Amino acid sequence: MQKKVVVTGGTGYIGSHTLIDLIDNGFHVISIDNYMNSEPDVLDRVAAVTGVRVENHIVDLVDAAATRKVFETNPDIDGIIHFAALKSVGESVEKPWEYFHNNMNSLLNVLKCAADFNISNFIFSSSCSVYGNADELPVTENTPMQEAESPYARTKQIGEYIITDFAKAHPDFKAILLRYFNPAGAHESAKIGESPTYNASNLVPVITETAIGKREKVTVFGSDYDTRDGSCIRDYIHVMDLANAHTKALEYLMNNKNEDSCEVFNVAIGAGVSVLEAVEAFERSTNQKLNYTIGDRREGDVIAIYANLDKAAARLGWQPKRNIDDIMRTAWEWEKVRSGKV
Ligand code: WQD
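Residues numbered from 1 in each chain as written. Predicted model: local features only at pLDDT ≥ 70, side-chain atom pairs only at ≥ 80, totals over all residues. Heavy atoms only, no water.

> Describe the packing of helix 7 (residues 203-212) against helix 9 (residues 275-286), with residues and values.
It is at 11 Å that the axes of helix 7 and helix 9 come closest, and there the two elements cross at 45°. It follows from the interaxial angle that helix 7 and helix 9 lie oblique. Between helix 7 and helix 9 the crossing geometry is right-handed. Contacts between helix 7 and helix 9 involve Leu203, Ile207, Thr208 and Ala211 from the first element and Val275, Ala278, Val279 and Phe282 from the second. (Axes fitted to C-alpha atoms, helices over the stretch in contact; angles between N-to-C directions. Helix = DSSP H or I, 4+ residues; strand = E, 2+ residues; numbered from the N terminus. Parallel < 35°, antiparallel > 145°, perpendicular 65-115°, else oblique. Left-handed = near helix turned anticlockwise from the far one by under 90°. Contact = heavy atoms within 4.5 Å.)

> Please give an account of empty space enclosed by the protein that cites residues and values.
One pass over the full model with this rule turns up two cavities of 30 Å³ or more. Of all elements in the fold, only helix 7 and helix 11 (324-338) reach the threshold of two or more residues within the lining of the largest cavity. For the lining of the largest cavity, the leading source of residues is helix 11, giving four residues. When grouped by side-chain class, the residues that make up the lining of the largest cavity number six nonpolar, two polar and three charged. Computed from the structure, the second largest cavity encloses a volume of approximately 60 Å³. The wall of the second largest cavity is formed by His82, Ala84, Ala85, Asn103, Met104, Leu107, Phe124, Thr155 and Lys156. Secondary structure elements with two or more residues in the lining of the second largest cavity: helix 5 (96-116) and helix 6 (151-169). Looking at the lining of the second largest cavity, the element that brings in the most residues is helix 5, giving three residues. (1 Å grid on protein atoms, 1.4 Å probe; cavity = no way out; pocket = protein on both sides within 12 Å on 5 of 7 lines; lining within 4 Å. Points joined across faces, edges and corners; volume = space filled by probe spheres on them. Nonpolar A, V, L, I, M, F, W, Y, C, P; charged D, E, K, R; others polar.)

> Go over the pattern of salt bridges with me, naming the residues and quoting the values.
With the rule as written, the count across this model stands at 25 salt bridges. Glu259 is paired through a salt bridge with Arg315; the nearest N and O atoms lie 3.4 Å apart. Linking Glu259 in the loop between helix 8 (239-254) and strand 11 (262-267) with Arg315 in helix 10 (residues 310-316), this pair joins segments that are 56 residues apart in sequence. We classify Glu259 as exposed; its relative accessible area is 61%. (Salt bridge = Lys/Arg side-chain N within 4 Å of Asp/Glu carboxyl O. Buried < 20%, exposed > 50% of the residue type's maximum accessible area, 1.4 Å probe, protein only.)

This is the structure:
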């Protein structure tokens, strides 16, 4: 019997790639997404890769009645993966009310449906931003949360606490909090990838948009940090490896392998890559010269963060299969498709 999974934010960048991995692993998936940060044609792209047309319910999850209706009309759901959230670090600083209103109310409405419809397996899209500027590297799941650097990061911290307490109060409910590091890259087919509906600010799309000619240059935000080459260090994770972490986490819960009602896992490659090294990786793996300059530091940037992956490997049986060169190569292949260059 196919397991049925509701994926909120299923037409977003990580959500849509996760639909592909779930389908490849035999799940029946249903999406809830109001296209706030995505285009409807993503589902055509998912169908082109998997042969499956995923049903999407265009619902604002802040609307409790509309959210409930989706679960009323789709009985026998075995699990929920909750991606849907506003996720721009910079925008959250300017619009904290919108971020808390949207991200917290949508989470609460989905949790209420989980309780009312006896859905016991729940995966939450959390973030390495909960660690802030960690004192020790690499971070493990036991590294304490630091002061959030942005309202976005704080919505992830609060979300983790809400789910932890909810799981304690509902004996049959079990949750996994996946702390993503820097998702990037695209599906190997180049039929789907990151399609920012807004002006991208993340490094990898800025690199590919510069290389394709949509931008004049990449500005490296600071080269005077206390790191091996002076630029900030991050742990870039290929979006398809990240997608598979969700499938593995769901299977872990569905097979009752969890030890606690709410468990945390870092999802990353487990290696730090600096901005300058990322630029070199792009040039090396695509054979494209990149126009970049060194600029001022960006407010709120964490100097360095990367993860220890032992727990996910040991407990979930999950390992990343792709590296920074795969990220840059697949991101570039997708950029050429997205820009109509192929
Ligand atoms: C990466 C590095 C920049 C653009 C993201 C998400 C956040 C969270 C963690 C999921 C930084 C540098 C960037 C540019 C640059 N993910 N940079 N020039 O800030 O680590 O956060 O991942 O929850 O939601 O936003 O990602 O790609 O913006 O920056 O030098 O034009 O690249 O300074 O060191 P960040 P990013």
